[in-house]
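One-letter residues, chain by chain:
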Amino acid sequence: MLKNMLVLLVIYLSINPVIGQPASSTGIDKWKGYERVNFSIAGHAAYFVKPAKPLAGNPWVWRASFPDWHTEMDSFLLVKGLYIAYISIDNEYGSPYAMQVWDRFYNYLVDSFFLSSKVALEAVSRGALYAYGWAKRNPDKVNCIYAETPVCDIKSWPGGKGTGIGDSASWKQLLQVYRMNETEAMAFNDNPIDHLEGLAAFKVPLLHIISLNDQAAPPAENSDILVKRYYDLGGPVMVYPVTTGPMELYNHHFPIEHADRWADFITSYCYPVKNPLPAEQYVNIRGGLHNSYATIAKNKNVTVAFLGGSITYNPGWRDKVCSYLKERFPGTRFRFIAAGIPSLGSLPHAFRLQRDILDSGKIDLLFVEAAVNDRANNTDSLTQVQSMEGIILHAKNNNPAMDIVMMSFADPAKIQDYHNGVTPVEVFNHELVAAHYQLPSLNAAKEIYDKLNNHEFSWEYDFKDLHPSPFGQELYFAAIKKLLQQSFEDSSLPARSSILPKPLNNSSFIKGKYTAIQNAKYDEAWKVVNDWVPADKLPTRDGFVHVPMLVANQPGASLSFSFKGTAVGIAIVSGADAGTISYSIDQGGYKKMDLYTPWSSMLHLPWYLILGRSLKNEKHIVRIKIDEESNKQSEGHACRIVHFLVNEGR
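Residues numbered from 1 in each chain as written. Predicted model: local features only at pLDDT ≥ 70, side-chain atom pairs only at ≥ 80, totals over all residues. Heavy atoms only, no water.

### A few points about the pattern of salt bridges
Turning to step 1, where the next piece is worked out: All chains considered together, the criterion is met by 28 salt bridges.
Turning to step 2, where the next piece is worked out: Of the charged contacts, one joins Arg 375 and Glu 426 as a salt bridge, the two residues approaching to 2.8 Å between their closest N and O atoms. Taken as a pair, Arg 375 in helix H15 (residues 371-376) and Glu 426 in helix H18 (residues 425-436) lie far apart in primary sequence, 51 residues in all.
Turning to step 3, where the next piece is worked out: Residue class for Arg 375 comes out partly exposed when judged on its relative accessible area of 21%.
Turning to step 4, where the next piece is worked out: Close ionic contact of Glu 426 with Lys 414 constitutes a salt bridge, the shortest N to O distance being 3.7 Å. Within this pair, whereas Glu 426 is found in helix H18, its partner Lys 414 is found in helix H17 (residues 412-419), the two being separated by 12 residues in sequence. Both residues of the pair, Glu 426 and Lys 414, count as buried.
Turning to step 5, where the next piece is worked out: One salt-bridge network, in which partners are shared between bridges, spans Arg 375, Asp 411, Lys 414, Asp 417 and Glu 426. (Salt bridge = Lys/Arg side-chain N within 4 Å of Asp/Glu carboxyl O. Helix = DSSP H or I, 4+ residues; strand = E, 2+ residues; numbered from the N terminus. Buried < 20%, exposed > 50% of the residue type's maximum accessible area, 1.4 Å probe, protein only.)

What follows is the structure, encoded as structure tokens:
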């Protein structure tokens, strides 16, 4: 047993030395007469300086580089009661590795020394590569950014690909630490000037102190571009050009004017301290992510899949999760499967899981979100449980070692539920399944409600929609990142057992799959359209246009479909002309089902319908015919079947 634990510890330390090494104290000394606490993180010297009288809430300033350059402002800040902190990670140029060290440094100071959860960043020259790199990854944790002669594009410095002098030795070193060649570096799009949407959405104030004639970091290639882009995004920014005093080192060095004013600028955004509600209180780690962590360590080839609706389909949090995993584990080759399809919730996910994800090969880590569309689609409670449990068991039967993260995102209906003191039924059901199978989960719906109630932001002007703005995407990512950090940092433990508990519901859709429309028997009123497109020009969803479809428009059109399993249904496309069907299973009586949805007049909506469940696991026949009557709002009697749905049972 001890031998196995030692092996696991070696894996744990080798997979990511940044996380694997605990912080260690290196003593206490003085800095400008103030007590300085020294320590080491992942082999990097670090410290923080204590003010004589700390302000309430322990606000702090983080120097990104050159800690002994232009320290006048830091002296003012210490007098005011702010902490000053620094970690030495020179010659990394804000690389992905540096960002991981910065994460560890931040967590250590906040968790162990109770510094405020939001920090002011102080960047000098190349320090802007670190400060902006980390701020863009963590805009919710930044009060403001103060930057002197900031380097904002590696092509300008050290690349020297513009009008600046550049630095060939530093450029070569940068290519090494970023693991890029020259061509990749020229196409690099994560400079401080890039992707400022999240930072601007959080209204993080920026202050740039520049020299108009800086030849090392020319403003036209650096600060000017960042400032304009940030301003255009609605971000608050101020520029102060220094035009007096001696200019040295290609006009990159100059005396700082009004250091007291800039100290006031920083203090005004750091104090009084306003700590937002921590994301971790909405995260439940449960059984963690031990299996996927072990796979990352052992195989170095990992597949991560994302199953969800439009919030998963759209760019935002999912892209940030992918980037974080690649940066956190640079020695691992990741394959990502983006299987988000707008409008689809747990029921569609249960039947499309096989084709859209599992058929792609072994999946190591799966993210699932269905709570938003389960509410929008009025999915009943039983179907939610049967579908979510079906997804989990189907996935686990495919790969018992697969780790699964369940998420419940926010929408106005859930916000109203919490306002009324009620847990949204979708959140309750999804958490029920997550707890039963000991899966990590994130209740983002509750987080957003609590933060709104805490007056941290507004839905109307910040979050904006159930399809989140960049602000909302950053909040989702921050919470998921916290879930991953906590899970991975606890993953030196042995992999979890593959033994599963008894199902919550014996009729859950654990072997849901699509069955081809060509398997049906139908009369002459039906036609298989091999490349279906709408004639009325209404919008469609990806995967439900330019595909084969079984179509009929006439009342009385009938078909039959034979299957073996415990549940059967149809996946249709419901447009403005959607009709009503009657259906019968085996020799049972006919039941009616309206195919028209609240969105049919605007969209050819993918719509999944269960016709029978809890059936004996044997052969059955379902018969479908189009009714004379249709919804009063409908323009016709159309039935367009994309897939038959079958749960094959155990």
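### Comments concerning the pairing of strand E13 (residues 365-369)
Turning to step 1, where the next piece is worked out: With 5 of 5 residues buried, E13 is to be regarded as a mostly interior element.
Turning to step 2, where the next piece is worked out: The alternating pattern of E13 places Leu 365, Phe 367 and Glu 369 and Leu 366 and Val 368 on opposite faces, both of which are buried.
Turning to step 3, where the next piece is worked out: Taken together, the 4 bridges between strand E11 (residues 301-308) and E13 define a ladder with parallel strand orientation. Paired with Val 304 across the two strands is Leu 365, which belongs to E13.
Turning to step 4, where the next piece is worked out: Sheet topology places E13 next to strand E14 (residues 403-408); 5 bridges connect them, and they run parallel. Following the sheet pairing, Glu 369 is matched in E14 by Met 407. (Pairing = 2+ DSSP bridges.)

### Details of helix H9 (residues 223-232)
Because an α-helix packs 3.6 residues into every turn, residues spaced three or four apart end up facing the same way.
Turning to step 1, where the next piece is worked out: The set of residues buried in H9 consists of Ser 223, Leu 226, Val 227 and Tyr 230. For H9, the buried positions fall inside an angular range of 95 degrees around the axis, keeping them on one side. Among the exposed residues of H9, those oriented more than 90 degrees off its buried face are Lys 228 and Asp 232.
Turning to step 2, where the next piece is worked out: Packed against the buried residues of H9 are helix H5 (127-137), helix H8 (197-201), strand E8 (206-211) and strand E9 (237-242).
Turning to step 3, where the next piece is worked out: Following H9 by one or two positions, Gly 234 has its phi on the positive side, about 90 degrees. (Arc of directions from axis to C-beta. Contact = heavy atoms within 4.5 Å.)

### Some words on the sheet that holds strand E20 (residues 558-565)
Turning to step 1, where the next piece is worked out: Spatially, E17-E20-E25-E22-E23 is the arrangement adopted by the 5 strands of the open sheet, whose pairing is antiparallel. Among the strands making up the open sheet, the edge pair consists of strand E17 (521-522) and strand E23 (591-594).
Turning to step 2, where the next piece is worked out: With 4 bridges joining them, strand E22 (residues 580-585) and E23 adopt antiparallel strand pairing. Paired with Tyr 583 across the two strands is Lys 591, which belongs to E23.

### Here we look at the packing of aromatic side chains
Turning to step 1, where the next piece is worked out: Tallied over the entire structure, the rule returns 40 aromatic pairs.
Turning to step 2, where the next piece is worked out: Ring centres of Tyr 418 and Tyr 449 lie 5.8 Å apart, and the angle between their planes is 25 degrees; this geometry places the pair in the stacked category. On the criterion of sequence distance, the pair formed by Tyr 418 in helix H17 and Tyr 449 in helix H19 (residues 444-453) is long-range, its members being 31 residues apart. Each member of the pair Tyr 418 and Tyr 449 is classed as buried.
Turning to step 3, where the next piece is worked out: Put simply, the rings of Phe 39, Phe 48, Trp 60, Trp 62, Tyr 83, Trp 102, Phe 105, Tyr 106, Tyr 108, Phe 113, Tyr 130 and Trp 134 pair up and form one aromatic cluster.
Turning to step 4, where the next piece is worked out: One cation-aromatic arrangement involves Arg 36 over Tyr 47; the distance from NZ or CZ to the ring centre is 4.7 Å. (Phe/Tyr/Trp six-rings, centres within 6.5 Å; stacked < 30°, edge-to-face > 60°. Lys NZ or Arg CZ within 6 Å of the ring centre and 35° of its normal.)

### A short note on the packing of H17 against H19
Turning to step 1, where the next piece is worked out: Between H17 and H19, the least distance of the axes is 9 Å, while the angle of their chain directions is 65 degrees. H19 is crossed by H17, and the crossing has right-handed handedness. Contacts from Lys 414, Ile 415, Tyr 418 and His 419 of H17 reach H19 at Ala 445, Lys 446, Ile 448, Tyr 449 and Leu 452.
Turning to step 2, where the next piece is worked out: When the residues that make up the contact of H17 with H19 are grouped by side-chain class, the tally is 6 nonpolar, 1 polar and 2 charged. (Axes fitted to C-alpha atoms, helices over the stretch in contact; angles between N-to-C directions. Left-handed = near helix turned anticlockwise from the far one by under 90°. Nonpolar A, V, L, I, M, F, W, Y, C, P; charged D, E, K, R; others polar.)

### As for the sheet that holds E13
Paired through their backbone hydrogen bonds, the strands of a sheet run either parallel or antiparallel.
Turning to step 1, where the next piece is worked out: Read from one edge of the open sheet, 6 strands run E10-E15-E14-E13-E11-E12, paired in mixed fashion. Bordering the open sheet on either side are strand E10 (283-284) and strand E12 (333-340), each of which pairs with just one other strand.
Turning to step 2, where the next piece is worked out: As paired elements, E10 and strand E15 (residues 441-443) share 2 bridges and run antiparallel to each other. Note that in E15 the partner of Asn 284 across the bridge is Ser 441.
Turning to step 3, where the next piece is worked out: In the packing of helix H14 (residues 346-356) onto the sheet, contacts are made with E11, E12 and E13, and the angle to E11 comes to roughly 150 degrees.

### Looking at the pairing of strand E2 (residues 34-41)
Turning to step 1, where the next piece is worked out: Extensive coverage of E2 is indicated by the burial of 7 of its 8 residues.
Turning to step 2, where the next piece is worked out: When strand E1 (residues 24-31) meets E2, the two strands line up antiparallel, connected through 7 bridges. Across the sheet, Trp 31 pairs through a bridge with Tyr 34, a residue of E2.

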